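As a plain string of letters, each chain reads:
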Amino acid sequence: MNSMENLEKQLICPICLEMFTKPVVILPCQHNLCRKCANDIFQASNPYLPTRSGSLTSGGRFRCPSCRHEVVLDRHGVYGLQRNLLVENIIDMFKQESSSSSKPTPERKDETPMCEVHEEEKINIYCVTHGTPTCSMCKVFGAHKDCEVSPISSIYQTKKTELSDGIAMMVGNNDRMQGIVSQLEETCRAIEENSRRQKTLVCEKFDQLYSILEEKKREMSQKVTAEQEEKVNYIQGLTKKYGDHLDESCKIVELGIQTMEEPEVALFLQNTKPLLKKISEASSAAHLDKVERGYENMDHYSVDFKREGKALRTIDFIKDDEDDDDEDEDGEADVVDGEEPHAVSGGSAVTTASVQPPPAPAQQISSSPNTAKSPASTQPLTTPKPGV
C-alpha cells in the first residue's frame, strides 16, 4: 500500500490538491494540471483578456504553480495545451485498483489524531465557535459543551475548498505582481531609451545653433577684413605716391645746391629758370590725396550681443501650454535654420520638448557717427586737405 500511496501523491493536482481530473494537460515545463485548474489560473492571471462570445480572441500567459515557469498560450488558451494521456491512463488504473480492493484502509484510520484531553477519543467534530477540531466527549462534557459544532468531514471539504481557492488566488496575484514588475522594468528601459533620443535631438539643435553662429562670425569677420584690406591698400598706395614725391624733391634740392655752387653767372642764370620751375612744382602737393581724420577707425563695426545673449540664456524645453500658445498665434512651430524644431514624446511620462532658437538676429552692427567710410563704398578723398 505504500507504493500506492506514493503513486497517489504523484497524481495530486498542485491547485485543487485532489487527484487529477480528466482531461489532464501537460505544460511546457512538463508539469501537469487539471484542465479546469489550469483554466482558473489562466483566467486569474489574465483578468482583462478580451473575449468574444465566451471564446478567447488572443493569447495570454501564466506561471506554472510548481516551478514558476512562464507558460505562453496562443488564442486557443488552455485548450491549446496537449493532454497527458499517460497520466490519465495511470489515474484510471489507480482508481480501478482502489475500487477492486476490498480491504479497508486502517492506515488512514490510524492517521486520525486523538484528543489531547480525552486520549482515547478521536477528533471527529469541529468547534465552529473556537475554530478548532475536537472530540465528542469535549462537546458533551468538556470545554466545548456550549459551542456550536459541525461534522469534521463537512468542515474539511469547506476548508479544503477555501485553501484551494486561496492558493489559486495567490498564484494569480503572484502572476499579476510579476506582470507589474515586468511592466516597470520595461518602463525603465523605455525611459532610458527616450532620454537617449531626447539628448540626441537636443545636441542636434545646439549643433544647428553653433553652425548659425559660426556662419555669422565668418560673414562679419569677412566684412571687417574686406574694409581692412581696402584701407591698407589705399594707404600703401598713397604712401608710395608721397615717397616718390619726396624722392623727386630730394633730387631737386641736390640739384639746387649744385647750381648754387656754379661760379659762372651766365651759366647759373641759365640753369636757374628751369630749376625754380621744378622747385615750384615740387613744393605743391595739391595733386596728392589727403587722409581724412578718423580714417583709420573701425568703430562702425562695433557689436552688441546683450539681447542675443539674454535670448540664449533663456533657451529651455517647450512646455505644453507654451506650445499651444505658439500654434494659436503663429499657426506653425518656430523654425531653426529653415527647419521645424523636433518635438519628441517619450510616452505619457515624457514631456514634449524642443530647443527654441534665439528670437533676434545673431549680430547687431551700428555705425559710429563722424567716422569716415571705406573708399570702396564712398569717396572720402575727393577734397584734398592741407597736411597729412
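Residues numbered from 1 in each chain as written. Predicted model: local features only at pLDDT ≥ 70, side-chain atom pairs only at ≥ 80, totals over all residues. Heavy atoms only, no water.

### Looking at the sheet that holds strand β2 (residues 32–34)
Here we have 3 strands laid out as an open sheet, ordered β2-β1-β7, and antiparallel in their pairing. Unpaired on one side and paired on the other, β2 and β7 (82–83) mark the two borders of the sheet. The sheet contact formed by strand β1 (residues 24–26) and β2 spans 3 bridges and is antiparallel. Pairing of Val24 across the sheet is with Cys34, part of β2. Contacts from helix α2 (residues 35–45) reach β1, β2 and β7, with the element oriented near 90° to β2. (Pairing = 2+ DSSP bridges. Helix = DSSP H or I, 4+ residues; strand = E, 2+ residues; numbered from the N terminus. Contact = heavy atoms within 4.5 Å. Axes fitted to C-alpha atoms, helices over the stretch in contact; angles between N-to-C directions.)

### Notes on the confidence of the model for the protein chain
A residue-level look at the protein chain finds 73% of positions with pLDDT of 70 or above and a mean pLDDT of 75. The secondary-structure element of the protein chain with the lowest mean pLDDT is strand β12 (residues 365–366), recorded at 40, while helix α8 (residues 306–313) shows the highest, at 92. pLDDT under 50 marks residues 105–110. Its contacts with residues more than four places away, or in other chains, come to 3 contacts. (pLDDT = per-residue confidence, 0-100.)

### Structural notes on the packing of aromatic side chains
One pass over the full model with this rule turns up 3 aromatic pairs. For the pair Phe206 and Tyr210, a centre-to-centre distance of 6.2 Å together with 45° between the ring planes defines the contact as tilted. With Phe206 and Tyr210 both in helix α6 (residues 152–260) and 4 residues apart, the pair spans about one turn of that helix. A relative accessible area of 48% means that Tyr210 is categorised as partly exposed. Stacked on the ring of Tyr295, the Lys or Arg Lys231 has its end atom at 4.9 Å from the ring centre. (Phe/Tyr/Trp six-rings, centres within 6.5 Å; stacked < 30°, edge-to-face > 60°. Buried < 20%, exposed > 50% of the residue type's maximum accessible area, 1.4 Å probe, protein only. Lys NZ or Arg CZ within 6 Å of the ring centre and 35° of its normal.)

### Some thoughts on the packing of α6 against helix α7 (residues 265–283)
The geometry of α6 relative to α7 is characterised by a closest axis approach of 10 Å and an angle of 155° between their N-to-C directions. Between α6 and α7, the angle falls in the class roughly antiparallel. In the packing of α6 onto α7, the handedness of the crossing is left-handed. Counting all contacts with α6, which are made through His245, Ser249, Ile252, Leu255, Gly256, Thr259 and Met260, the residues of α7 involved are Phe268, Asn271, Thr272, Leu275, Lys278, Ile279, Glu281 and Ala282. (Parallel < 35°, antiparallel > 145°, perpendicular 65-115°, else oblique. Left-handed = near helix turned anticlockwise from the far one by under 90°.)

### Side note on the nonpolar core
Within the largest apolar cluster, 27 residues are counted, with the highest numbers of intra-cluster contacts made by Cys13, Phe20, Leu27 and Leu33. At the level of secondary structure, the elements contributing two or more residues to this core comprise β1, β2, α2, β6 (70–73), α3 (85–100) and α6. When residues in this core are grouped by element, the largest group, 4 residues, is from α2. If we skip the residues at most four places from it in the chain, Leu33 touches Cys13, Pro14, Ile15, Phe20, Pro23, Val24, Val25, Leu27, Ala38, Ile41 and Pro65. (Core = buried A, V, L, I, M, F, W, Y, C linked by side-chain atoms within 4.5 Å.)

### Details of a nonpolar patch on the surface
Among the surface-exposed residues, Met177, Ile180 and Leu184 lie close enough to one another that they form a single nonpolar patch of about 310 Å² accessible area. By the element assignment, Met177 lies in helix α6. (Patch = residues over 30% accessible without salt bridge, like charges linked within 9 Å, V, L, I, M, F, W, Y side chains within 5 Å. Areas by Shrake-Rupley, 256 points an atom, 1.4 Å probe, with all protein chains shown as cover. Salt bridge = Lys/Arg side-chain N within 4 Å of Asp/Glu carboxyl O.)

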